[in-house]
Amino acid sequence: MKKNIAVLMGGRSLEREFSIKSGQRISNALRKLGHNVIKMDVNESIVENLNSEKIDLAYIALHGKDGEDGTIQEILEVLGIPYTGPGVYPNVLSFDKIISKQIFISKEIPTPPFYFLNTSSFRELGSSKLLPFIIEKIGLPMVVKPSAQGSALGIRIVNDKESLPEAIIYALSYSKKVILEKFINGVELAVSIIGKNKPRTLPTVEIVPKKKFFDFESRSGVGETDYFVPARLSPEENKIVEQTAIKVNNALKCNRLSRVDMIFDKKEKIPYVLELNTSPGMTDTSLLPMSAEEAGMSFEELVDEIIGMSLEK
Amino acid sequence: MSKKVTFDYWNHLYSNRTEYMFSSEIRDLLALSARPDIISFSGGLPEVRALNFQRLERYVKRIIKTDSDMSLQYSGSDGFYPLKTKLTEVMKLEGIDEVEEDIAITTGGQQALDLLSKVFINPGDVVITEAPSYTGALNSFKSYEAKIEGIEIDSNGMKTSILEKKLDELSKKGIQTKFIYLVPNFSNPSGVTLSLKRRKEILELAKKYNTVILEDNPYGMLRFEGKPIPTIKELDIKGDKHNVIYLSTLSKLLAPGFRIGWVVAPHPILEKIVLGVQSTILCVSTFSQRIAYEYFSDPVWQENIDKFKSIYSTRRNTMLKTLESNFPKGCSWSRPEGGFFIWLKFPKYLNTKELLADAVRNKVAFVPGSGFYANGRGINEARLAYCTEETGRIEKGIKILAGLVKEKIKLYKSFK
């Protein structure tokens, strides 16, 4: 049945361009599926705009701030408009990597050991003096990243202690808190999960960046990264990975849709979970559509399933 | 069975030069600056709202009424002759005395740069630019696989002693420098003007090392203070062999939407440029050229330039004053006498790409310096355009930026 679907895209986050690409692709698919599409940029008029149209469903094609931190979900809850992707609570939990990592630890889900520090603790409490202790505990190389930011913005791998301050300042340009995390040498994987009552995993994607890690440029540029689907894992390894992804999805109370990113230590057979994304990219080179295609779903079929379960009461 | 994902089935067909076409973090951050809530010091966007739209409407109506057949038709690849006549008059105001036959009209100054790159650069050829230099020019030269040698500047423009050393070094290795690219007036991005002494010296060096100068002068008529300095083209009068190729644009004198630029060059070079226009676009938009002709036939255009100058100088004054009273010690900036841009230098440790991420989150945008260098320098430098925003927003934006810079300096010092 034809529905009025608002595609929420753009927004105020640093991932605006990504979001517009995702949103446009989703809008085209929705039109092909026979729906009426209303594209909406998420700005100061969003509440007014949502209110002025008769909307059956909001498709959240936002990435990062506002779209994946529970903000837009709460607005839609208040307005009583059904929306795609997980609800408010899972978004709040997953957007802050510190909170989600703490939950992983409490649920015995492997995650790389880490410490976090915030801007004011450096400026006012002399936290820079902690760095030698952190290096001693975590070791080098170390991953330095902002606590709340997507698309690998603000991330650096630090190999020596001299480069650490610069990487911390870089990460703190993107977020008030910085995570200093042990670098895990392993296979980078992304597991997409779909389904409302019985979530299922789609084929695991293996990411092999041509540079040393999957940074912003590797994510956005065609040819910068090689992807293998399904990942080159043994059936046993893949089972561990998929089970862990489902465990993460459940731990963060996610429903309908998510993507879990991890590094798999092949030697120890440990899947180290990095984060969960509640609004996975939907561009031509994004991981979720890639994974769905391997499962035999076209992009339109993927979008159709996402909206179908979001419209269910 | 696992398989490698193929996004682009045509990868094996692409030319090497497509390697220079990629997305960057900075580009995506700057894309945000198009949002109205962002105070943008990033793009050098002329204040087209200062134009008299009713007059423009009148020109267009007149063209449609009296000359629709011709103005909607293809035209000569060298450009619309009556517009060239007007351009000779415009150039005369800057001391350049040329005839219509010396001019080729292009689709914006950018196409002139592309065609000149095509005419001169073989892969691996050396070209010389100011460092920092205009990104659009650097990208054009890079796309033809040039090796770019950037020459340091100071408040008088390109340092000629360094230029001479470089030309000498290249010449001793048997390397012919293909051209020296300069924006001598209120340069993009630095805002710096090349002194008369150095203009003469660079011209002499070009002659000595048997190369040409690309003199790109988009901002020359937008001088708010100080005495105009002769263009290098004007200085290049001795002998029969001239070494200056002069480029300009109507983007700042009229509006960038018309996409009109022009080149003045020795005839053999000009012929190649015209052939280049022919093979790439056949001709520059006839309709745009017709409107531009009407615009420059109406004496009011010079009043418009005064209006532009008054707007830009007020904005520059506001930006300089706000920088002066809010920016912390350790930062310095250029004081342009015209044009669109101020160039900022921060303490060595302050990475402006990182500052941009912070700034955009706080609704201010500027362009980090590294994009204006061919070799990854400029990490602690930035370009601020004062031409686009109104004074209230300039003040607000600079104050926000100053606050962020102070915080960054404090954070950095906490590691000492």
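Right above here is the structure, for reference.
Residues numbered from 1 in each chain as written. Chains lettered and ligands numbered in written order. Predicted model: local features only at pLDDT ≥ 70, side-chain atom pairs only at ≥ 80, totals over all residues.

(A) Representation of the sheet that holds strand E4 (residues 114-118) of chain A in the model. Residue and element names in this part refer to chain A. Spatially, E4-E7-E5-E6 is the arrangement adopted by the four strands of the open sheet, whose pairing is antiparallel. Of all the strands in the sheet, the pair left with one neighbour each is E4 and strand E6 (156-158). Averaged over all pairs of adjacent strands, the angle between strand axes in this sheet comes to 25°, irrespective of strand direction. Where E4 meets strand E7 (residues 177-182), five bridges bridge the pair, whose relative direction is antiparallel. Bridge pairing links Phe114 to Glu181 in E7. (Pairing = 2+ DSSP bridges. Helix = DSSP H or I, 4+ residues; strand = E, 2+ residues; numbered from the N terminus. Axes fitted to C-alpha atoms, helices over the stretch in contact; angles between N-to-C directions.)

(B) Quick look at the sheet that holds strand E5 (residues 147-154) of chain B. Residue and element names in this part refer to chain B. Taken together, the eight strands give an open sheet; going across it, the order is E3-E10-E9-E8-E7-E4-E5-E6, and neighbouring strands pair in mixed fashion. Single-partner strands in this sheet number two, and they are strand E3 (103-106) and strand E6 (157-158). As defined by bridge partners, strand E4 (residues 126-131) adjoins strand E7 (residues 177-182) across three bridges and the pair is classed as parallel. Each residue of the ladder has a partner; that of Thr129, found in E7, is Tyr181.

(C) Looking closely at the pairing of strand E15 (residues 381-385) of chain B. Residue and element names in this part refer to chain B. In terms of burial, E15 is largely enclosed, as five of its five residues are buried. Covered by surrounding structure in E15 are Glu381, Arg383 and Ala385 together with Ala382 and Leu384, the residues of both alternating faces. The pairing of strand E12 (residues 341-345) with E15 spans five bridges and is classified as antiparallel. For Trp343, the partnering residue across the bridge sits in E15 and is Arg383. Two elements, strand E14 (residues 367-368) and E15, share two bridges in a ladder whose sense is antiparallel. By the bridge assignment for E15, Pro368 is matched with Ala382. (Buried ≥ 20, exposed ≤ 12 C-beta atoms within 10 Å, placed from the backbone.)

(D) View of helix H11 (residues 287-294) of chain A. Residues and elements named next belong to chain A. By the criterion of burial, H11 is predominantly enclosed, with six of the eight residues buried. Regarding H11, the residues found buried are Leu287, Leu288, Pro289, Met290, Ser291 and Ala292. Contacts made by the buried residues of H11 are with strand E8 (187-195), strand E10 (205-209), strand E11 (225-229), strand E12 (256-265) and helix H12 (299-311). Two residues or fewer after H11 comes Gly296, characterised by a positive phi angle close to 90°. (Contact = placed C-beta atoms within 7 Å.)

(E) Representation of the environment of Ala255(B) within the structure. Residues and elements named next belong to chain B. Looking at the element boundaries, Ala255 is found in the loop between strand E9 (244-249) and strand E10 (261-264). Taking the number of C-beta atoms within 10 Å as the measure of exposure, Ala255 has 20 and is therefore buried. Residues contacting Ala255, with those up to four places away along its chain left out, are Pro46, Val48 and Leu51.

(F) How the structure looks around the nonpolar core. Of all hydrophobic cores here, the largest spans 131 residues; its most connected members are Ile213(B), Ile245(B), Ala292(B) and Leu384(B). If sequence neighbours within four positions are ignored, Ile245(B) has contacts with Leu116(B), Val212(B), Ile213(B), Leu214(B), Glu215(B), Val263(B), Ala265(B) and Ile269(B). Counting residues in each nonpolar core, the second largest holds 66 residues, with Met40(A), Leu202(A), Leu252(A) and Val260(A) among its members. (Core = buried A, V, L, I, M, F, W, Y, C linked by C-beta atoms within 7 Å.)

(G) A look at the environment of Met158(B). All names here are of chain B. On the secondary structure map, Met158 appears in strand E6. Sequence separation between Met158 and Leu196 is 38 residues, and the spatial gap between their C-alpha atoms is 12 Å. Those residues in contact with Met158 that lie beyond four places of it in its chain are Glu130, Ile151, Ile153, Leu163, Leu182, Leu194, Arg198 and Ile202.

(H) Spotlight on the packing of helix H11 (residues 300-326) of chain B against helix H13 (residues 391-413) of chain B. Residue and element names in this part refer to chain B. Between H11 and H13, the shortest axis-to-axis distance is 9 Å and the interhelical angle comes to 25°. Classified by the interaxial angle, the pair formed by H11 and H13 is roughly parallel. H11 and H13 meet at a crossing whose hand is right-handed. Every residue of H13 that contacts H11 at Thr314, Arg315, Thr318, Met319, Thr322, Leu323 and Asn326 is listed here: Thr391, Ile394, Glu395, Ile398, Lys399 and Ala402. (Parallel < 35°, antiparallel > 145°, perpendicular 65-115°, else oblique. Left-handed = near helix turned anticlockwise from the far one by under 90°.)

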